[in-house]
Structures are given as C-alpha cells and as structure tokens.
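Residue-level structural notes
As a plain string of letters, each chain reads:
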Amino acid sequence: MRIDVPEGQHPIEYVWGDMVPGIGPAAANFSLSVYAHTTLGLREFEAARLRVAQINGCAFCLDWRTERDGEKVEEEFAAAVTDWRTTDRFDERTRLAAEYAERYTLDHHHLDEAFWDRMTAHYSQLEIVELTMSIGSWLAFGRLNHVLGLDTVCVLPGH
C-alpha cells in the first residue's frame, strides 16, 4: 500500500472515508449505485466491467464477479472478455460492451461514427449513458485502488 493506514483501521474505510470524508463516501455511493441500479443485462455489464479491470490491473476487480438474482457469469467468461474480438461466447451487445470499455479506457478520442452506429443499433440512449457512467466508475475507482495499492484489501460492503 502506498498510504499509511493506522493500526486497527481497515484500509478501504480509512482511505475512502476517514481521509477524505467529503469525497470518499460520495464516490463509494456512486460506485455502489452502478451495481444497485443497473438495467443492463448481467453479461454485458460484466463484459464491460471485466475489460476495465483487465486494463486497470485491479486485483479485486479482476477477481470479483457480479451476482444478480443468484446468478454469475460462467468461470470462462473472463478469458472470453480478453478475446472479445474473436470469442464465439458473446452476442453483439456483450461484444460491444467489452469493445466500448476497452476503447473508452484506452482511446476515447477515436470513438468514431462507425462505432456509434453499431452502438445505437444495439443499445438505447439510456443504456449507452448508463454503460458510460458505469465504465467511468470502474475506470476511476479501480484505477484509484490499484494505484494506491488498495486493490488487494478492497471489499464491497456486505461482501
């Protein structure tokens, strides 16, 4: 960890809460809202989330699998996300979610009209905004935790 955490304090609670009480809890609420209020399907949600985690290198995010109604994506899903261009495990929405996550995190200046034509053919405007906010959350907070060395001690409340 790159932040000194007092003895007996949980690193995530200390850094995200005690150190920056005007920012951390709001950021945590935003992060948790992405999971609590999503309308996206589990596979497209996880394809985008895992692609961001792969790019960020966040240990917790790479290991985490979102559960919805007792269901999670299959064990091989993360490998398919890595190979989103060629995998036969994805429908077009799931493939686009992984592509969008990658392009958003690595080359957002080159999201061209051809890409947006494909996105709007498969996602509503509401879904595009939701996916964009979700990717932004994962990019910012997964990267923040990884950069500060918190990703090995990260937990979500109630997990």
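Residues numbered from 1 in each chain as written. Predicted model: local features only at pLDDT ≥ 70, side-chain atom pairs only at ≥ 80, totals over all residues. Heavy atoms only, no water.

1. Some words on the side chain of glutamate 44
When you line up the elements, glutamate 44 lands in helix 3 (residues 42–56). In this structure the side chain of glutamate 44 is engaged in a polar contact, spanning 2.6 Å, whose partner is the side chain of arginine 93. (Helix = DSSP H or I, 4+ residues; strand = E, 2+ residues; numbered from the N terminus. Polar contact = N/O pair within 3.5 Å; in protein donor to acceptor, adjacent residues only side chain to side chain.)

2. Details of the packing of aromatic side chains
This structure, assessed with the given rule, holds 11 aromatic pairs. When the centroid spacing of 6.2 Å and the interplanar angle of 75° are considered together, the rings of phenylalanine 30 and phenylalanine 141 count as edge-to-face. Separated by 111 residues along the polypeptide, phenylalanine 30 in helix 2 (residues 24–36) and phenylalanine 141 in helix 8 (residues 125–147) bring together distant segments of the chain. What makes phenylalanine 30 partly exposed here is its relative accessible area of 34%. The class of phenylalanine 141 is buried, set by a relative accessible area of 16%. Between phenylalanine 77 and phenylalanine 90, the ring centres sit 5.2 Å apart and the planes meet at 45°, which makes this aromatic pair tilted. Within this pair, whereas phenylalanine 77 is found in helix 5 (residues 77–82), its partner phenylalanine 90 is found in the loop between helix 5 and helix 6 (92–107), the two being separated by 13 residues in sequence. The burial state of phenylalanine 77 is the same as that of phenylalanine 90; both residues are buried. (Phe/Tyr/Trp six-rings, centres within 6.5 Å; stacked < 30°, edge-to-face > 60°. Buried < 20%, exposed > 50% of the residue type's maximum accessible area, 1.4 Å probe, protein only.)

3. Some details on unusual backbone geometry
Positive phi, normally seen in glycine, also occurs at aspartate 69, with a value near 50°. Examined against the element boundaries, aspartate 69 turns out to sit in the loop between helix 4 (59–63) and helix 5.

4. Notes on the packing of helix 6 against helix 8
The N-to-C vectors of helix 6 and helix 8 enclose an angle of 50°; their axes lie 10 Å apart at closest approach. In this view, helix 6 runs oblique relative to helix 8, as classed from their interaxial angle. The chirality of how helix 6 crosses helix 8 is right-handed. Residues Arg93, Ala97, Tyr100, Ala101, Tyr104 and Thr105 of helix 6 form the contact with helix 8, whose participating residues are Glu127, Ile128, Leu131, Thr132, Ile135, Gly136, Leu139 and Arg143. (Axes fitted to C-alpha atoms, helices over the stretch in contact; angles between N-to-C directions. Parallel < 35°, antiparallel > 145°, perpendicular 65-115°, else oblique. Left-handed = near helix turned anticlockwise from the far one by under 90°. Contact = heavy atoms within 4.5 Å.)

5. Some remarks on the environment of leucine 144
Mapped onto the elements of the fold, leucine 144 is located in helix 8. On the basis of relative accessibility, which here comes to 33%, the residue leucine 144 falls in the partly exposed class. Residues leucine 144 and cysteine 58, 86 residues apart in the sequence, show an inter-C-alpha distance of 9.0 Å.

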